[in-house]
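# What the coordinates show
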Amino acid sequence: MLQIIGCLAFAASVYGHVASITEQTNEHLTLTPLPDGKLLAHFGFVTHVQSYTNPHEPCNHLLDYSLFPKAIGQVLQEYNVREMHLTFTQGRWNYEEWGYPPEQSAGTGVELWAWMKGEKSLNARWKSLTNVLSGLFCASLNFIDETLTTEPRLSFRPESLMSQPQRHANASRTDEDIQLRYGSLPHENVCTENLTPWIKMLPCKAKSGIAALLNAHKIYNSNFHAMGIVARSVCRDDACSDRVLELKQTVTVVLDVVRDTGRRDWSLEAVFDRTLNGSCPLAHQSRVLVNMDGSSEVKEIKPAPTRVEESSHLEGMKVAIYDLHQATQELNIRMEWNESVFEYPPEPIYPIVYAQRYFTGYGQERGGLRITIHNRSPDISVPITYYESVPWFLKFFLHTLIVDVLGQTSGENDIIQKMYYQPAIDRVQPTMLECQLLLPPQSVVTMSIDFEKMFLKYTEHRPDANRGFDIGYYDLPILFNISLLELTNSSGAYSQTMRIYTDTLLVSLPTPDFSMPYNVITLTCTVIALFFGSLFNLLIRSFHVVEEEVEPKKSQ
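The text that follows walks through the structure, step by step, so that each part is easy to find. (Residues numbered from 1 in each chain as written. Predicted model: local features only at pLDDT ≥ 70, side-chain atom pairs only at ≥ 80, totals over all residues. Heavy atoms only, no water.)

The next subject is unusual backbone geometry. Look at the link from Lys302 to Pro303: it is a cis peptide, with omega at -15 degrees. Along the chain, the position of Pro303 falls in the loop between strand S10 (299-302) and strand S11 (307-310). One non-glycine residue with positive phi stands out, namely Lys205, at about 50 degrees. Tracing the backbone shows Lys205 in the loop between helix H5 (192-200) and helix H6 (216-219). Unlike most non-glycine residues, Gln442 shows phi in positive territory, near 50 degrees. Judged by relative accessible area, which is 48%, Gln442 ranks as partly exposed. (Helix = DSSP H or I, 4+ residues; strand = E, 2+ residues; numbered from the N terminus. Buried < 20%, exposed > 50% of the residue type's maximum accessible area, 1.4 Å probe, protein only.)

Let us now look at the pairing of strand S4 (residues 109-117). Of all nine residues in S4, nine are buried; the element is thus mostly enclosed. Two strands pair when backbone bridges link them, and strand S3 (residues 81-91) and S4 are joined in this way by eight bridges, in the antiparallel orientation. Across the sheet, Met84 pairs through a bridge with Ala114, a residue of S4. Note: S4 against strand S5 (residues 178-185), eight bridges, orientation antiparallel. Considered in S5, the bridge of Ala114 is made with Arg181. (Pairing = 2+ DSSP bridges.)

Moving on to empty space enclosed by the protein. Within this structure, the stated rule accounts for four cavities of 30 Å³ or more. Approximately 80 Å³ is the volume attributed to the largest cavity. If you trace the largest cavity, you find it lined by Thr25, Asn26, Glu27, Phe45, Leu202, Pro203, Cys204, Lys205, Ser208, Ala211, Cys280 and Ala283. In terms of residue count, the dominant contributor to the lining of the largest cavity is strand S1 (residues 21-33) (three residues). Along the lines of polarity and charge, the residues of the lining of the largest cavity split into seven nonpolar, three polar and two charged. Considering only enclosed or pocket space, the second largest cavity measures out at about 60 Å³ in volume. Lining the second largest cavity are Phe88, Val190, Leu195, Ile219, Tyr220, His225, Ala226, Met227 and Val251. No other element matches strand S6 (residues 224-235), which puts three residues into the lining of the second largest cavity. (1 Å grid on protein atoms, 1.4 Å probe; cavity = no way out; pocket = protein on both sides within 12 Å on 5 of 7 lines; lining within 4 Å. Points joined across faces, edges and corners; volume = space filled by probe spheres on them. Nonpolar A, V, L, I, M, F, W, Y, C, P; charged D, E, K, R; others polar.)

This is the structure we're talking about:
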């Protein structure tokens, strides 16, 4: 009887808790023709939950996971995560041809960073978080150990909530003691086994709405694809009775439509091999946006959009909007140009700020790293933060850091505003370098530093040791202002801080001759076989004296 009463009381308390939850989900797809004829498709799914609980109730920490995925909610609660960013990327984002991405881009492979509250058992919770996410997304995140984990001080800041950011300006002071952990795996491959659990976290899965276009065969046949998750949990008071959860899932794909036909005409059916059959029933807003570049080229878009608006980010850009809630029949959006063959632009369209990174030197003992950062703004100095994380087997020498400014008279002291350096410890922690720079207008800033290559144990080499070791991309957060954004020629929406990633580098370390053990084993086995065989033969062989029989002479 007491158990029945307890169950009823628990159910009543949970019901009262559920009644105080407000949740909403939105989905959108942005299609943008790029200058080189390719098509950029950006999928966005945002789920927002706001709950009010009584701190005196025994079940105030429980939530009714209706639209918000329970797996992510439990991860945020169990490990006290305030904000988490996870991206899976394959390919290279071409800044020189495509401009800046519609969302925060990421480097090749897997990248994870999270803000967790409290200092108690922080490293243990970070290790458990990587193991749990590794199982959820069928990835190798469990290989992010202490030798690949850093704690950036200057490069990363918690992002404000996208939905109603003004309401969270006075967030609780309980979020002041959060700490950051960052890790990446540049050699990680991305495939359908990562996309499947990602789709299962959507409210409508891939059964209806915009997610129905997520065809794995088409996505992984693209020039670039990135899949990301951003989860946030914000307590607006000390007791965490007013709590906000937000989950943002994105997929960014660059498809080459010119490769097959020689024309840049495209349609949903030709690009994704699928069409849209209405919106997700659970979505509050479901839209498809097609960016028009505003040029004088003749093009046609069918069917007619719900409405056409001016872009809020770039002047002269028009956006065709399709409201899927108003769609009454199958929707197959297509865009056509009045041209027989597409002609590629003669010159690349460089963004305002872009960078390259490469190795210098030769040999397997020492080398150097050089970074070139371009600022094409004619009259604006751009503040950036340079972040570099290198494995422990590359020993940087900070005294060799040289900063050169081409075309300007500014010195090193005028460029570097602030610096944080963490030296590597063998097999314990990587090297981390952060620099806050101020790029002069119309300048090219070059940073170079020398390093020494360490010797690894033969057990620490990968099976393909002669291929080399991947050195992750470096991150370049840029703080844009409004006047600078108007100068950029990009392909999507902007946020205030834009991150630029360089290519992954490949370094060759001193590699032992792995064929020598085989040669030694072969030679040793041969000698032992000959010696043992001869000795064993002499020991077990029995010798007998054989008398020669003399045949009697025949009488004549």
